[in-house]
Amino acid sequence: MSEVALIDAGGANLGSVRYALERLGARVRLVRDAAGLRGVSRVILPGVGAAPHGMARLHAQGLVQPLRELEVPLLGICLGMQLLFEGSEEGHVECLGLLPGVVRHLHPATGIRVPHMGWNRLLPLRHATLMNGVADRASAYFVHSYAAPLNEHTVAACDHGGLFAAVVQRGRHSGAQFHPERSAATGARILRNFIENASP
């Protein structure tokens, strides 16, 4: 299997994502600068925490422009997915701009807690290879306070006081708002789909 680049963006989920990939047979290369992207066939951008910190770290590592110019499939996970969009309300930060839209704060309401934490269902909206073999309304594990809006690139939504984008795919750019490394068989299948066949 080809080597997968895993961006070290300072997220606490880095190790668990790496182990999840290795369990699937992937060869994983930890990447902390642009040089580390050379020769890989897939790139994964994981992340937890705040968008301003995540973008500041990518800028410090010299990875912002190389990620924008990547010619291989890129998967963002949790905060990593949010950073694929044009911007985030969190700190009013400019993100990578690979997907249209602005990430916005989830709104608490009666029976709706923020952060959104725990298992929730994926609601399929359109076909994409990233979801091959994933059952309709499969559950995944979420931990987040911000989310991306639905648009034409949304593959699956989730409902937590309103619908938000849970899985996105636009050409070679894709993302999962949940943690596939903590989402049992659903997450493992999505990671396998990405590392084996990430075309739309």
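Okay, so let's go over this structure. If you're wondering where the values come from, they're calculated on a predicted model, not measured in any experiment.

### Remarks on the sheet that holds strand S2 (residues 27-31)
- Taken in spatial order, the eight strands of this open sheet run S2-S1-S3-S4-S14-S13-S12-S9, and their pairing is mixed. Strands at the two margins of the open sheet, each flanked by one partner only, are S2 and strand S9 (123-124).
- One ladder, built from five bridges, connects strand S12 (residues 154-159) with strand S13 (residues 163-170); its direction is antiparallel. By the bridge assignment for S13, Ala157 is matched with Ala165.

### What about a nonpolar patch on the surface?
- Among the surface-exposed residues, Leu125, Leu150 and Leu163 lie close enough to one another that they form a single nonpolar patch of about 270 Å² accessible area.
- Relative to the assigned elements, Leu150 resides in the loop between strand S11 (146-147) and S12.

### Digging into unusual backbone geometry
- Put simply, Val114 and Pro115 share a cis peptide bond, and its omega is 10°.
- Examined against the element boundaries, Pro115 turns out to sit in the loop between strand S7 (99-105) and strand S8 (116-121).
- The backbone of His92 shows a phi angle near 50°, a positive value even though the residue is not glycine.
- Here His92 is to be found in the loop between strand S5 (85-88) and strand S6 (93-94).
- Relative accessible area serves as the criterion here: at 73%, His92 is assigned to the exposed category.

Cut-offs used in this document
- Residues numbered from 1 in each chain as written.
- Predicted model: local features only at pLDDT ≥ 70, side-chain atom pairs only at ≥ 80, totals over all residues.
- Heavy atoms only, no water.
- Pairing = 2+ DSSP bridges.
- Helix = DSSP H or I, 4+ residues; strand = E, 2+ residues; numbered from the N terminus.
- Patch = residues over 30% accessible without salt bridge, like charges linked within 9 Å, V, L, I, M, F, W, Y side chains within 5 Å.
- Areas by Shrake-Rupley, 256 points an atom, 1.4 Å probe, with all protein chains shown as cover.
- Salt bridge = Lys/Arg side-chain N within 4 Å of Asp/Glu carboxyl O.
- Buried < 20%, exposed > 50% of the residue type's maximum accessible area, 1.4 Å probe, protein only.

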